[in-house]
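Residues per chain, in single letters:
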Amino acid sequence: FFIYFIYFSLTLPPPNGKIILVQIFKPKEAKPMTTAQELQEHFRSCMPIFIALGDEVRLSIIEALTENALSQEHSSGPVDFADHAMNVNEITRRTSLSRPAISHHLKILKAAGLIGVRQDGTANYYYLTLRVPTRQLMKLGFRIEEFIL
């Protein structure tokens, strides 16, 4: 149920004709506060993202995938990263890393949900999938804010 507090600030209208002020307050709905344990669990669920983003090599791979998608001609509107995927050879040329190193780092990025993969024949094409990890991190941020405020 909602409890409404009504506060009337009444003043007799002065001769100059000012309006009577009426204010209605509705308290914020009580929502369960984030507990320390819930915060810790959510932080742990985001750890693969932090680990994946905490390496310069993986960041260079994300940068290469981003540059590839944004450098291509596309219609106005959001970029569909899946349409601008790169294979390991293309990523290797862009980053100057070895194929085994690229493959290792792509596996970590995929496990964190930062990239997706589609297969075309025998080749795998990798692309950014940032929506879900971004939402996870935003949710963590909101939970932290709720916890400390």
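Our subject is the structure that appears above.
Caption draft 1: Examining a nonpolar patch on the surface more closely. Taken together, the side chains of Phe-43, Met-47, Phe-50 and Ile-51 present a nonpolar region at the surface, about 360 Å² in accessible area. Mapped onto the secondary structure, Phe-50 falls in helix α1 (residues 36-53). Look at Phe-50 and you get partly exposed, because its relative accessible area is 37%.

Caption draft 2: Examining unusual backbone geometry more closely. Of note, Ser-96 is a non-glycine position whose phi angle comes to about 60 degrees, a positive value. Along the chain, Ser-96 turns up in the loop between α3 (88-95) and α4 (99-111).

Caption draft 3: Quick look at the packing of helix α2 (residues 56-71) against α3. Here α2 crosses α3 at 105 degrees, and the two axes come no closer than 10 Å. As far as their axial angle goes, α3 and α2 are roughly perpendicular. Judged by residue contacts, Ser-60, Ile-61, Ala-64, Leu-65, Glu-67 and Asn-68 of α2 engage Ile-91, Arg-94 and Thr-95 from α3.

Caption draft 4: Seen up close, α4. For α4, spanning 13 residues, the distance from its first C-alpha to its last is 18 Å, which sits close to the expected 18 Å at 1.5 Å a residue. Here α4 has its buried residues at Ile-102, His-105, Leu-106 and Leu-109. Seen from one end, α4 has its buried residues packed into an arc of 110 degrees, which puts them on one side. The exposed set on the far side of α4, more than 90 degrees from its buried face, consists of Pro-100, Lys-107 and Ala-111.

Caption draft 5: Examining the pairing of strand β4 (residues 123-128) more closely. Bridge count between strand β3 (residues 115-120) and β4: six bridges; the pairing is antiparallel. Looking at the pairing, Asp-120 lines up with Ala-123 of β4. If you look at the hairpin formed by β3 and β4, you'll find two residues sitting between the two strands, and Gly-121 has a positive phi there, around 70 degrees.

Thresholds, definitions, all that
Residues numbered from 1 in each chain as written. Predicted model: local features only at pLDDT ≥ 70, side-chain atom pairs only at ≥ 80, totals over all residues. Heavy atoms only, no water. Patch = residues over 30% accessible without salt bridge, like charges linked within 9 Å, V, L, I, M, F, W, Y side chains within 5 Å. Areas by Shrake-Rupley, 256 points an atom, 1.4 Å probe, with all protein chains shown as cover. Salt bridge = Lys/Arg side-chain N within 4 Å of Asp/Glu carboxyl O. Helix = DSSP H or I, 4+ residues; strand = E, 2+ residues; numbered from the N terminus. Buried < 20%, exposed > 50% of the residue type's maximum accessible area, 1.4 Å probe, protein only. Axes fitted to C-alpha atoms, helices over the stretch in contact; angles between N-to-C directions. Parallel < 35°, antiparallel > 145°, perpendicular 65-115°, else oblique. Contact = heavy atoms within 4.5 Å. Expected span 1.5 Å × (residues − 1). Arc of directions from axis to C-beta. Pairing = 2+ DSSP bridges.

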